[in-house]
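Topology and contacts: notes
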Amino acid sequence: MIHLHHIRKQFGHFTAVDDVTLSIEKGTVYGLLGANGAGKTTLIKIMCGLLDPTSGTGTIFGHDLVRERNRIKQSIGYMSQKFSLYQDLTVSENIAFYARLYGIEKPETRARELSEQFDVYTFKDKVVYSLSSGVRQRVAFACALVHAPKLLFLDEPTSGVDPLARRKVWKWLYRLAADGMSIVVTTHYMDEAEHCDRIALMNAGRIVAEGTLDTLRKGLPVQLHSLEDIFVHVMREDVNR
Ligand SMILES: Nc1ncnc2c1ncn2[C@@H]1O[C@H](COP(=O)(O)OP(=O)(O)OP(=O)(O)O)[C@@H](O)[C@H]1O
């Protein structure tokens, strides 16, 4: 479904994504894990067609990452770290706005459906800036899913929300995945990444380890159980290379 070959992104002389080659299969919940500045957001933005790679090639659903980005955009949803909501619009207006952008026939009906699905219907007439970050996050979720994408990119969907809200988000993600959606998610939380089908560990723009939690464990010369220990080990090895 996603195939990236030697993707590189430079900002001036700085390399934010460095020679990333990666394949993600359909139906996977795929975690990108890395420290601040590792290049996760840049990589997601390249996959979403929001940034051009400096070099390298890639396809999503068989479409070229750069030349066919408009075709790709119809099949993907993206929730950025900043949630990209219109602060002065209500919950319903935000969702309906995104529905119109995607040419959905009955935007208000779709807004109602999604606000019920993501437990924000009671806030439907509230302007977004008056809401808690947990509710805003759920509205952003609804907006990203307004056109029923086959592939969803989430950039730190749970940062700044409480543990209960985090758990709820992951419940939804599993449900969406069970219904056939593929999901690429960045997170800082090890416990969340542990629940992904596959995980890529990123450092300084590169993928330094990739696989299921089990294959990551087996790939190490030492016996480590938790993803946190694996992460620390892999990062140390990479720094000392
Ligand atoms: N437009 C830009 N111009 C210059 N440098 C940039 C730009 N966007 C990102 N960078 C740099 O590229 C590096 C990778 O940034 P990126 O946001 O992809 O990392 P990240 O892994 O998502 O980090 P975080 O977890 O903090 O969001 C950082 O050093 C960042 O400062």
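Keep in mind that this is a model prediction, so the values were computed, not measured.

Rules behind the numbers
Residues numbered from 1 in each chain as written. Predicted model: local features only at pLDDT ≥ 70, side-chain atom pairs only at ≥ 80, totals over all residues. Pairing = 2+ DSSP bridges. Helix = DSSP H or I, 4+ residues; strand = E, 2+ residues; numbered from the N terminus. Axes fitted to C-alpha atoms, helices over the stretch in contact; angles between N-to-C directions. Parallel < 35°, antiparallel > 145°, perpendicular 65-115°, else oblique. Left-handed = near helix turned anticlockwise from the far one by under 90°. Contact = placed C-beta atoms within 7 Å. Nonpolar A, V, L, I, M, F, W, Y, C, P; charged D, E, K, R; others polar. Buried ≥ 20, exposed ≤ 12 C-beta atoms within 10 Å, placed from the backbone. Expected span 1.5 Å × (residues − 1).

Strands sit in the order β2-β1-β4-β5 across an open sheet of four strands; the sheet is antiparallel. Strands at the two margins of the open sheet, each flanked by one partner only, are β2 (14–24) and β5 (63–64). Judged from the two bridges that link them, strand β4 (residues 55–60) and β5 form a sheet pairing that is antiparallel. Counted as the bridge partner of T59 is D64 from β5.

What follows concerns the packing of helix α3 (residues 91–101) against helix α5 (residues 133–144). α5 packs onto α3 with a crossing angle of 25° between their chain directions and a minimal axis gap of 8 Å. Considered as vectors, α3 and α5 are oriented roughly parallel to each other. Note that α3 runs across α5; the crossing there is right-handed. Seen from α3, the contacting residues are V91, N94, I95 and Y98; seen from α5, they are V139, A142 and C143. Residue classes in the contact of α3 with α5 are distributed as six nonpolar, one polar and no charged.

The next point concerns the environment of E25. With respect to the secondary-structure elements, E25 resides in the loop between β2 and β3 (29–34). With 11 C-beta atoms packed within 10 Å, E25 lands in the exposed category. Considering only alpha carbons, one finds E25 and H3, 22 residues apart in sequence, at a separation of 8.8 Å.

Here we take up the pairing of β4. If a strand is regular, its side chains alternate between the two faces of the sheet. Note that strand β1 (residues 2–11) and β4 share five bridges and pair antiparallel. Bridged to R8 within β4 is S55. The turn joining β4 and β5, which pair antiparallel and follow one another in sequence, is formed by two residues; a positive phi near 50° is taken by F61.

Here the focus is α5. In this model α5 runs 16 Å from its N-terminal to its C-terminal C-alpha over twelve residues, within 8% of the 16 Å that 1.5 Å per residue would give. Of all twelve residues in α5, ten are buried; the element is thus mostly enclosed. The set of residues buried in α5 consists of V135, R136, Q137, R138, V139, A140, F141, A142, C143 and A144. Contact partners of the buried residues in α5: β6 (76–79), α3, α4 (107–117), β7 (151–155) and α6 (163–178).

Right, let's get into the sheet that holds β3. Hydrogen bonds along the backbone pair up the strands of a sheet, which may run parallel or antiparallel. Here we have six strands laid out as an open sheet, ordered β6-β7-β8-β3-β9-β10, and mixed in their pairing. Every interior strand has two partners, whereas the edge strands, β6 and β10 (206–211), have only one. Strand-to-strand twist in this sheet, taken as the mean axis angle between neighbours without regard to direction, amounts to 15°. As defined by bridge partners, β7 adjoins strand β8 (residues 182–187) across five bridges and the pair is classed as parallel. Paired with L151 across the bridge in β8 is S182.

So, about the packing of α3 against α4. The N-to-C vectors of α3 and α4 enclose an angle of 125°; their axes lie 8 Å apart at closest approach. Here α4 runs oblique to α3, going by the angle between their axes. In this structure, α3 crosses over α4, and the sense of that crossing is right-handed. Counting all contacts with α3, which are made through V91, S92, I95, A96, A99 and R100, the residues of α4 involved are P107, E108, R110, A111, L114 and S115.

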